[in-house]
Every structure is written in C-alpha cells, then in structure tokens.
Amino acid sequence: MASHQYQPQSGQQHACKGEQQQAPLSNFPQNAAVTQHHTSVSSETSSSRHHRSSKKRPVVFVIYYSMYGHIERMAKEVCAGVESSGCECRLFQIAETLPNEVLTKMHAKEKNTEIPIIRADQLPEADGILFGIPTRFGSAPTQVRALFDQCGHHWMSDALFGKPVGIFFSTGSLGGGQETTALTCVTFFSHLGMIFVPLGYKNKSLQNIDEVHGGSPYGAGTIAGEGSRQPSQLELQLAQTQGHQFGKVVKKLAR
C-alpha cells in the first residue's frame, strides 16, 4: 500500500549565489577586530542553531477506541501524518468497558496489547489530541464517553484549555454519523476550552464521487459496512492528511 507522502519544502536558494566573493579579511585594515567580531557572531549563530535544533518537538496524542480494527488502522495512518509534520506522535487506545463474554458474542477483534491504554490524567501532557472514534447510533460509544466523563478535574483546572483537538471516525454506512459523531463531541471539547481543528477540504479526494468513501470536513473517516470492509486507500490518505495538517497547527500554537 502506497502511503500519501508529504515532501518537505526545500530550503530557499542563497540570494547572493551569483555574486562575487569579498577579498580575504587580511586585505582590510583592523583585521584583528573584524576577525574577532566575525568569530563572535559565528559563535552566537551556532549557539542559536543548536538551541533551535535541540528544542523539544510538540507532542500529539492519537487516542482511539476500536472494536473491529477499522479505527486502529486509521489511527496508524493519522500517526504517520502527524510525524510527517514534525511533531512527535504517541498512540494510545481507550479502555474497554464490555466484559469478554459480550465481546466474544460480538465477534470483536482482540485488542493490541502493545498499544498502551490512556489515562485521563495523562491528557494534559499532550500539546494536541486527535481522537479516533467508531460511531454508536450517530455519536461516540460508551467506552469513549467513559474517558470523557473522567475529565471533570481537567474542566475545573483548565488543564486542557487552548489545546487543539480533532476527531476521525468509522461508521457502518455513509449516513451513519460521518458528521454527527464529530459534532456531538464538540460540546465536550467546548466545555474544556479546547480548540476544535477540522479536516476541511485540504485533501481534495474528499470530494471524490467516483467511489464510496468515508470522511467529511469534520475529520477523516471510513465506512465499515457489516464489518468486512477495511479502510480504502482514499480513506487512509485522508487520515494521513488530517494528521499532517493537525500537526502543523499544533506546531504553530506551541511556538
């Protein structure tokens, strides 16, 4: 599967590339003073560059709940987009609330034990958060709501105030919540003072009408159908675009 790649912009060409070089400093009077000044400036410039290069990258949490693997697949592509923006991405999953007996009857996919479970008290550590949410009756499922309901202390302390947040989703059908899932989460984000960052139409593939696909201006999405359909190449590209663009916003706000 070919990933939707982002090529970093090449640096600008030196404006004076074609100009004639100056004569050596030894040809000028007061050479020692000029040399000392030049060395001092070079040292400061080197120090400044080192400071910029050693500056910690903004951290984006990608937090998802996935019962059948669709959102997990999308989350990994979102992470690739976040990393391509220059941010550090950390992947988490939301704790399950259903007993194993029920999950077995629902033919749920076994959880990936290599991905840690997020705790509510970890959320303020992120500079931005992207939530991956499968739709339940047009809104977030109980597992996600349980995490949201643990954030009362963040609401009281403004711990998440001003942090960018976004959402990507999965639905059983085209009209099953590709917009309402995001919209019904915005109320939670607003109460905590978070800044909702939508996907918009940055990736024009979202307007493709030649094939069935998920996604909306509110975020990337996939259509699971009865469960056998997996995210398409177009849907995975939308997920990567969202991660990349979201990361760029986080970097701007983290300056």
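Thresholds, definitions, all that
Every chain begins its residue count from 1, and numbering advances along the sequence as written. This being a predicted model, a pLDDT of at least 70 is required before a residue's local features are given, and a value of 80 or more before pairs of side-chain atoms are given or counted; all residues contribute to the totals for chains, interfaces and linings. Derived side-chain values reflect all non-hydrogen atoms in the structure, with water molecules and hydrogen atoms excluded from consideration. Think of it this way: a Phe, Tyr or Trp ring, Trp meaning its six-membered ring, pairs with another when their centres are within 6.5 Å, and the plane angle makes it stacked under 30 degrees, edge-to-face over 60, tilted otherwise. For the purposes of this entry, the term helix denotes a DSSP run of H or I that reaches at least four residues, the term strand denotes a run of E that reaches at least two, and both are numbered from the N terminus. Throughout this description, buried means an accessible area under 20% of the type-specific maximum (1.4 Å probe, protein chains only), exposed means over 50%, and partly exposed covers the range between. Distance and chemistry together define a polar contact, namely a pair of N or O atoms within 3.5 Å, with one atom able to donate a hydrogen and the other to accept it when in protein, and with adjacent residues in sequence counting only for side-chain atoms on both sides. In this analysis, two residues are considered to be in contact whenever any of their non-hydrogen atoms come within 4.5 Å of each other. Patch members must show over 30% relative accessible area and no salt bridge, and they are joined within 9 Å when carrying like charges or within 5 Å when they are nonpolar side chains of Val, Leu, Ile, Met, Phe, Trp or Tyr. Reported accessibility uses the Shrake-Rupley method at a 1.4 Å probe radius. Residues are deemed covered only where the shown protein chains occlude them. When a carboxyl oxygen of Asp or Glu is within 4 Å of a side-chain nitrogen of Lys or Arg, the pair counts as a salt bridge. Neither His nor the chain ends contribute to the count of charged residues, in which Lys and Arg are positive and Asp and Glu negative. Charge placement uses NZ in Lys and CZ in Arg. For Asp and Glu, CG and CD serve respectively. Angular values range over 0 to 180 degrees, each being the angle between N-to-C directions of two axes fitted as lines to C-alpha atoms, with helices fitted over their stretch in contact. Any angle from 65 to 115 degrees is called roughly perpendicular, while one under 35 is roughly parallel, one over 145 is roughly antiparallel, and all others are oblique. When the near helix sits turned anticlockwise from the far one by under a right angle, the crossing is termed left-handed; a clockwise turn instead gives a right-handed crossing. When residue character is reported, Ala, Val, Leu, Ile, Met, Phe, Trp, Tyr, Cys and Pro are called nonpolar, Asp, Glu, Lys and Arg charged, and the others, Gly included, polar. What is meant by a nonpolar core is a set of buried Ala, Val, Leu, Ile, Met, Phe, Trp, Tyr and Cys residues, joined one to another through side-chain atoms within 4.5 Å. For two strands to count as paired, DSSP must find a minimum of two bridges between them. A pair of sulfur atoms, both from cysteines and within 2.5 Å, is called a disulfide here.

K.L.:
How should the packing of aromatic side chains be read in this particular structure?
P.N.:
Here a ring pair, both rings aromatic, is described through the centre-centre distance and the interplanar angle of the planes. Taken as a whole, this structure holds seven aromatic pairs when the rule is applied. Here F148 and F189 contribute two aromatic rings whose centre-to-centre distance is 6.3 Å and whose plane-to-plane angle is 70 degrees, an arrangement assigned as edge-to-face. Here the residue F148 occupies a position in helix α4 (residues 142-148), and F189 occupies one in helix α6 (residues 180-191), the gap between them amounting to 41 residues. Considered together, F148 and F189 belong to a single accessibility category, that of buried residues. Centroid distance F189 to F196: 6.3 Å. Interplanar angle 15 degrees. Geometry classified as stacked. Accessibility expressed as a relative area gives 1% for F189, which makes it buried.

K.L.:
Hey, could you run me through the side chain of H213 in this one?
P.N.:
Relative to the helices and strands, H213 resides in the loop between β5 (195-196) and β6 (221-223). Within the structure, H213 has its side chain in polar contact with the backbone oxygen of N208 (distance 2.8 Å). Residues in contact with H213, not counting those within four places in the same chain, are L174, S205, L206, N208, I223, R229, L234, E235 and L238.

K.L.:
Any chance you could explain a positive patch on the surface here in plain terms?
P.N.:
On the surface, K55, K202, K204, K248, K251, K252 and R255 cluster together into a positively charged patch. Within the secondary structure, K252 is located in helix α7 (residues 233-253).

K.L.:
I'm lost on the environment of A126 in this one. Help?
P.N.:
Residue position: A126 is located in the loop between α3 (100-105) and β3 (128-134). A relative accessible area of 0% means that A126 is categorised as buried. Taking the C-alpha atoms as reference, A126 lies 5.6 Å from V60; in sequence the two are 66 residues apart. The residues contacting A126, other than those within four sequence positions of it, are V59, F61 and K163.

K.L.:
Hey, could you run me through the packing of helix α2 (residues 70-84) against α7 in this one?
P.N.:
A pair of packed helices can be characterised by two numbers: the angle between their axes and the separation between those axes. In contact at an axis separation of 6 Å, α2 and α7 are set at 40 degrees when each is read in the N-to-C sense. Classified by the interaxial angle, the pair formed by α2 and α7 is oblique. The two elements α2 and α7 cross, and the hand of that crossing is right-handed. Residues R73, M74, E77, V78, A80, G81, V82 and S84 of α2 form the contact with α7, whose own contacting residues are E235, L236, A239, Q240, G243 and H244. Of the residues that constitute the contact of α2 with α7, the class distribution is six nonpolar, five polar and three charged.

K.L.:
I keep staring at the nonpolar core and nothing clicks. Help me out?
P.N.:
The nonpolar side chains of a soluble globular protein tend to be buried with one another. Of all hydrophobic cores here, the largest spans 30 residues; its most connected members are F61, I63, I118, I129, F131 and F189. It is α6 that contributes the most residues to this core, four residues altogether. Residue contacts for I118: discarding those within four places in its chain leaves F61, I63, F92, Q93, I94, L123 and L147. Grouped together as the second largest cluster of nonpolar side chains are 24 residues, I71, V197, A239 and F246 included.

K.L.:
Can you walk me through the pairing of β3 in this structure?
P.N.:
Each regular strand carries side chains that alternate between the two faces of the sheet. The buried fraction of β3 is high, at seven of seven residues. Side chains G128, L130, G132 and P134 project from β3 onto one buried face, and the interleaved I129, F131 and I133 project onto a second face that is buried too. As paired strands, strand β1 (residues 59-64) and β3 are joined by five bridges and run parallel to one another. Counted as the bridge partner of I63 is F131 from β3. Of the strand pairs in this sheet, β3 and strand β4 (residues 164-171) are connected by six bridges, and their pairing is parallel. From the neighbouring strand, I133 faces β4, where its bridge partner is F169.

K.L.:
What is the right way to look at the state of the cysteines in this model?
P.N.:
Put plainly, a disulfide is one covalent bond tying together the sulfur atoms of two cysteines. As enumerated under the stated definition, the model contains zero disulfides in all. The structure places no disulfide on C79, whose sulfur is separated from the nearest cysteine sulfur, that of C89, by 3.1 Å. Overall, C79 belongs to the buried group, its relative accessible area being 11%.

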